[in-house]
Amino acid sequence: MKIPSFLCKRTGLIVVLAMLLAPFGQAQSFDIFVDSDCSLSNAIRSANEKAQVEPRANCETGNADDGNSQVDENGIEIPPGLDSILIDLDGTVEGVITLDATLSVTSHIVIDGEGLVIDGAGNQVFAVTDGSLTANNLNIRGGWTDENGGAIAVREAALTLFNSVVSGSGAKGMGGGIYARDSQLTLLDSVVSGNATGILTKPVREMAQAQTCHVHADGSGHVDQQCHSHDAESAQAAEMTVDEADAQAADLTAEEADAQAADLTVDEADAQAAEAQSDEAAETPTPAPTATPEPTATPEPTATPTPEPTPTPDPITWDTYGGGIYFEGDDGQLVIRKSGVEGNASYSSGGGVYIASGSALVANSTLNENKAGTAGGALYNAGETTLAHVTVVHNAAATAGGIIDEATLQLYNSILSENIGGDCDGALNATIGNLIRDLSCSHDGLSDDPNLLRLSGAPAYYLPQRGSPALNAASGEYCLPTDQRGILRNPEACDIGAAEYESGAFEFQIQSALAMLNPPAPGGSSSSSDDAPPPEREPEATPVPSTCASMPSHITIVGYRNNTGCKVLDQGGIGHQTVLDYGFYHAVDIFGDMSSTVTVCFRGASGLLILLDAANAPRNIVPLSGRIESGMSCADISRAGTVLLMPPEFVNSGYVTDPSWELRSCAVTTTAILNLRGEPNSSSAVLGNVLTNVQLTADKKANNYYRVSYYGILGWLSGDYLAKSGNC
């Protein structure tokens, strides 16, 4: 039997990792300290043997590169001129360093971040063009470039990440998080999350900020991505001089791209590899992130006139591969171990990882909730790649939401399941010990539901629960010694996927969920004290039971109050001749207390939802923004009237020429990496991808899409992935 390449290389890989880990075994021997006297940019300049620049230019002198490597007491080779940099809390403002230019690495540098944050503030964070960069315990976020490598670009060099995070970054071109060409790229115990390609402009600091994302892919072709972001408005903003992005490249608002984006194609324009950016970087400390406040009602607009609509730009026609990671080069190698690639988005292919060429190994890792506009939601392979003990779930793409192979790919002991667009596509060179839910890629093994528990841990993983078909079902011949968490595997009968079964995990998650639903009362007790009688309560008026709870089975109404009334109507109760002339499927009158939004859903035929508005006499026809929920046509209303489900041809009758709402004082904030579309539907042209947590004003709503103007570009965002406040 052919021995898989990753097993042949395992001994060499361990040696390589030991070499990379060596600097951290000498934590007390740092050469340069980032503190109140030494900025990070000057520390790197010192390591690069370049002159420091004010302010904070009192850094230790870096080690000179004499061309001679050294060997430590463990026999590990130390690169010539290696400098170790430690970021001290004094070198930040409450744990955050905010850049105003890219940090250029041209020598061998190790940075220990102590868990602190480097925020690109719309600039590419690192450009590694020579030597190597090793980052340990570092949070890298908020990068952007109009070329390749939103957070980090490495060319003919080496990048290693240990226990680090690359998140909330974007590129106009390829590699939303990391771009590597002809380089050694290694991730160990690290996370690449919430990055995207096709981001046309530099995010505005007040609007878009770095984030860490978790995505849920549902069966309707949508990818729901939830991210938490942080406001980074710096007190020293006046001192920050960032490179100005082209004003015409609009700061695209983040909207969740549908997995139906199969029609989105890009011309394969060979994007020029960006030249290394200037190493004259300086950073301005930023206050620590604060919790995002609850949305408040948006004030009434001023008399400022609404700008005239401007022509929308042509769709993207350049390469935008690799939302999380783009890797290319026969002279390099990509290694991802015990890591997570989650919630990234590519405008075209390779939402999580795009391997254009070269050798790659992904082992004991989880690829989840990534999406791609065309193919390979989790991973697109055009190189020589091995996946071993990998969990690939809840990703999305028009073709192969999981993985797609266009070259050489070996798959061992891995789970592929619940990926929109298919789990796998291509002719794999080896497929042994796997569970592929949809039996794609000619898989003839396990295909049952893997019964995974909720996402947990960091880097995040999915545990199989008791009774999962993945338990003890992997090929023992190819079991790796440990799992993603470092837990030992049984070499004779290990589990399929990145994480081994853990006894009691299911019960713990259930108990945790119950605790969240039933928190203890103040003071730590779930019951009230017996020492004092409960306080007297004012008598309350007996509420009038709502008739909305007793609807027939084909009508569901939620969100009503006790004094909200509902009544099913037939033709005799409509009182509107136009509606009667065209006919209707279902009708229900909503009246009484309308202090909260009421959702009305009809089961059965699909069509157009309208409201006969009770505020006018005679009642006028108001188109409703409908959606499909659990096979029902649903719409939300906030005023009394009759809700009807009309036949589809009613929209072309001339009585409803524009099924949309005009909005005033509606603020929307993106909760996912989204597409800005030219029209209010999922099949219209995509103007670009945009990051999470961008706040905009919407002036129109149609088909549950909201129209916004972003730097003069008019486009539509899906309301499914917008937080709304005000009159929306």
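Quantities reported herein were computed from a predicted structural model and do not represent experimental measurements. (Residues numbered from 1 in each chain as written. Predicted model: local features only at pLDDT ≥ 70, side-chain atom pairs only at ≥ 80, totals over all residues. Heavy atoms only, no water.)

**Considering the overall build of the protein chain**
Here is step 1 of the chain: If you tally the helices and strands in the protein chain, you get 5 helices and 55 strands.
Here is step 2 of the chain: Relative to its 728 residues, the protein chain shows a buried fraction of 55%.
Here is step 3 of the chain: Of the roughly 30700 Å² of accessible surface on the protein chain, 49% is carried by carbon and sulfur atoms. (Helix = DSSP H or I, 4+ residues; strand = E, 2+ residues; numbered from the N terminus. Buried < 20%, exposed > 50% of the residue type's maximum accessible area, 1.4 Å probe, protein only. Areas by Shrake-Rupley, 256 points an atom, 1.4 Å probe, with all protein chains shown as cover.)

**Quick word on the nonpolar core**
Here is step 1 of the chain: Core analysis: the largest hydrophobic core is formed by 60 residues, its most contacted members being L40, I44, I87, I111, F126, L185 and I403.
Here is step 2 of the chain: Among the elements that line this core, the one with the most residues is helix α3 (residues 40–47), at 4 residues.
Here is step 3 of the chain: Among the nonpolar cores identified, the runner-up in size contains 19 residues, and I555, C566, L611 and L645 belong to it. (Core = buried A, V, L, I, M, F, W, Y, C linked by side-chain atoms within 4.5 Å.)

**Some thoughts on the sheet that holds strand β45 (residues 620–623)**
Here is step 1 of the chain: Strand order across the open sheet formed by 5 strands is β41-β42-β48-β44-β45, with antiparallel pairing between neighbours. At either margin of the open sheet sits one strand with a lone partner, and together these are β41 (564–568) and β45. Going across the sheet, the axis of each strand differs from the next one's by a mean of 25 degrees, ignoring polarity. (Pairing = 2+ DSSP bridges. Axes fitted to C-alpha atoms, helices over the stretch in contact; angles between N-to-C directions.)

**Some remarks on the sheet that holds strand β37 (residues 424–425)**
Here is step 1 of the chain: Here we have 9 strands laid out as an open sheet, ordered β6-β9-β13-β17-β24-β28-β31-β34-β37, and parallel in their pairing. Unpaired on one side and paired on the other, β6 (103–105) and β37 mark the two borders of the sheet.
Here is step 2 of the chain: Where α3 meets the sheet, it contacts β6 and β9 (126–128), and its direction lies at approximately 20 degrees from that of β6. (Contact = heavy atoms within 4.5 Å.)

**With respect to the pattern of salt bridges**
Here is step 1 of the chain: Counted under the stated rule, the structure contains 7 salt bridges.
Here is step 2 of the chain: A salt bridge links K338 to D189; the shortest N-O distance between them is 3.9 Å. Note that K338 is positioned in the loop between β25 (333–337) and β26 (340–342) and D189 in the loop between β18 (184–188) and β19 (191–193), a separation of 149 residues in sequence.
Here is step 3 of the chain: On the accessibility criterion, K338 (18% relative accessible area) is buried.
Here is step 4 of the chain: Overall, D189 belongs to the partly exposed group, its relative accessible area being 26%.
Here is step 5 of the chain: Between D699 and R707 there is a salt bridge, with its nearest N and O atoms 2.9 Å apart.
Here is step 6 of the chain: Looking at D699, the relative accessible area reads 21%, which means it is partly exposed. (Salt bridge = Lys/Arg side-chain N within 4 Å of Asp/Glu carboxyl O.)

**Looking at unusual backbone geometry**
Here is step 1 of the chain: Here the residue pair E54 and P55 is connected by a cis peptide bond, since its omega of 0 degrees sits within 30 degrees of zero.
Here is step 2 of the chain: The residue P55 is located in the loop between α3 and β2 (70–71) in this model.
Here is step 3 of the chain: Between A458 and P459 the backbone carries a cis peptide bond, its omega angle lying at -5 degrees.
Here is step 4 of the chain: Following the sequence through the fold, P459 ends up in the loop between β39 (435–436) and α4 (505–517).
Here is step 5 of the chain: The phi torsion at E49 lies on the positive side, around 60 degrees, for a residue other than glycine.
Here is step 6 of the chain: Inspection of the secondary structure assignment puts E49 in the loop between α3 and β2.
Here is step 7 of the chain: Relative accessible area serves as the criterion here: at 48%, E49 is assigned to the partly exposed category.

**Structural notes on the state of the cysteines**
Here is step 1 of the chain: Enumeration over the complete set of coordinates arrives at 5 disulfides.
Here is step 2 of the chain: There is a disulfide in this structure between C38 and C59, and the S-S distance comes to 1.9 Å. On the S-S bond that ties C38 to C59, the torsion sits near 100 degrees, and the link is right-handed. Of this pair, C38 sits in the loop between β1 (32–34) and α3 while C59 sits in the loop between α3 and β2, and the two are 21 residues apart along the sequence. (Disulfide = S-S within 2.5 Å.)

**Things to note about the packing of aromatic side chains**
Here is step 1 of the chain: Applying the stated criterion across every chain yields a total of 7 aromatic pairs.
Here is step 2 of the chain: Ring centres of Y326 and Y354 lie 5.6 Å apart, and the angle between their planes is 10 degrees; this geometry places the pair in the stacked category. With Y326 in strand β24 (residues 325–328) and Y354 in strand β28 (residues 353–355), this residue pair connects regions lying 28 residues apart in the sequence. Residue Y326 shares its accessibility class with Y354, and that shared class is buried.
Here is step 3 of the chain: Taking the centre distance of 5.3 Å and the plane angle of 85 degrees together, the rings of Y582 and F650 count as edge-to-face. (Phe/Tyr/Trp six-rings, centres within 6.5 Å; stacked < 30°, edge-to-face > 60°.)

**As for the confidence of the model for the protein chain**
Here is step 1 of the chain: When pLDDT is averaged across the protein chain, the result is 77; 70% of the residues are at 70 or more.
Here is step 2 of the chain: Contacts from residues 1–28, a stretch scored under 50 in pLDDT, to residues over four places away or in other chains number 47 contacts.
Here is step 3 of the chain: Per-residue pLDDT stays below 50 along residues 506–542; that stretch engages in 9 contacts with residues further than four places along the chain or on separate chains. (pLDDT = per-residue confidence, 0-100.)

**Focus: the environment of T482**
Here is step 1 of the chain: Relative to the assigned elements, T482 resides in the loop between β39 and α4.
Here is step 2 of the chain: Take T482: its relative accessible area is 22%, and that puts it in the partly exposed class.
Here is step 3 of the chain: It is 8.6 Å that separates the C-alpha atoms of T482 and E500, two residues lying 18 residues apart in sequence.
Here is step 4 of the chain: Each residue touching T482, except ones within four places of it in the same chain, is listed here: N364, I487, L488 and R489.

**Here we look at α3**
Here is step 1 of the chain: Burial analysis of α3 places 8 of its 8 residues in the buried class, which makes it a mostly covered element.
Here is step 2 of the chain: Taken together, the buried positions of α3 are occupied by L40, S41, N42, A43, I44, R45, S46 and A47.
Here is step 3 of the chain: The positive-phi residue at the C-terminal boundary of α3 is E49, with phi of around 60 degrees.

**What about the pairing of strand β32 (residues 384–393)?**
Here is step 1 of the chain: β32 sits mainly inside the fold: 9 of its 10 residues count as buried.
Here is step 2 of the chain: As judged from the 9 bridges shared by strand β29 (residues 359–368) and β32, these two strands associate in the parallel manner. Residue A360 lies in a different strand from β32, and its bridge partner there is T385.
Here is step 3 of the chain: When β32 meets strand β35 (residues 408–412), the two strands line up parallel, connected through 5 bridges. If you follow T385 over to β35, its bridge partner there is L409.
Here is step 4 of the chain: Direction of pairing for β32 relative to strand β36 (residues 415–417): parallel, over a ladder of 3 bridges. The residue of β36 that forms the bridge with V392 is L416.

**Focus: the pairing of strand β47 (residues 632–637)**
Here is step 1 of the chain: Of all 6 residues making up β47, 5 are buried, and the element is well covered by its neighbours.
Here is step 2 of the chain: The sheet contact formed by strand β43 (residues 598–603) and β47 spans 6 bridges and is antiparallel. Looking across to β47, one finds that F602 is bridged to S633.

**Here we look at a negative patch on the surface**
Here is step 1 of the chain: Together, E49, D65, D130, E156, D330, D331 and E384 make up a region of like negative charge exposed at the surface.
Here is step 2 of the chain: Along the chain, E156 falls in the loop between β13 (152–155) and β14 (158–162).
Here is step 3 of the chain: Look at E156 and you get exposed, because its relative accessible area is 55%. (Patch = residues over 30% accessible without salt bridge, like charges linked within 9 Å, V, L, I, M, F, W, Y side chains within 5 Å. Lys, Arg positive; Asp, Glu negative; His and termini not counted. Charge placed at Lys NZ, Arg CZ, Asp CG, Glu CD.)

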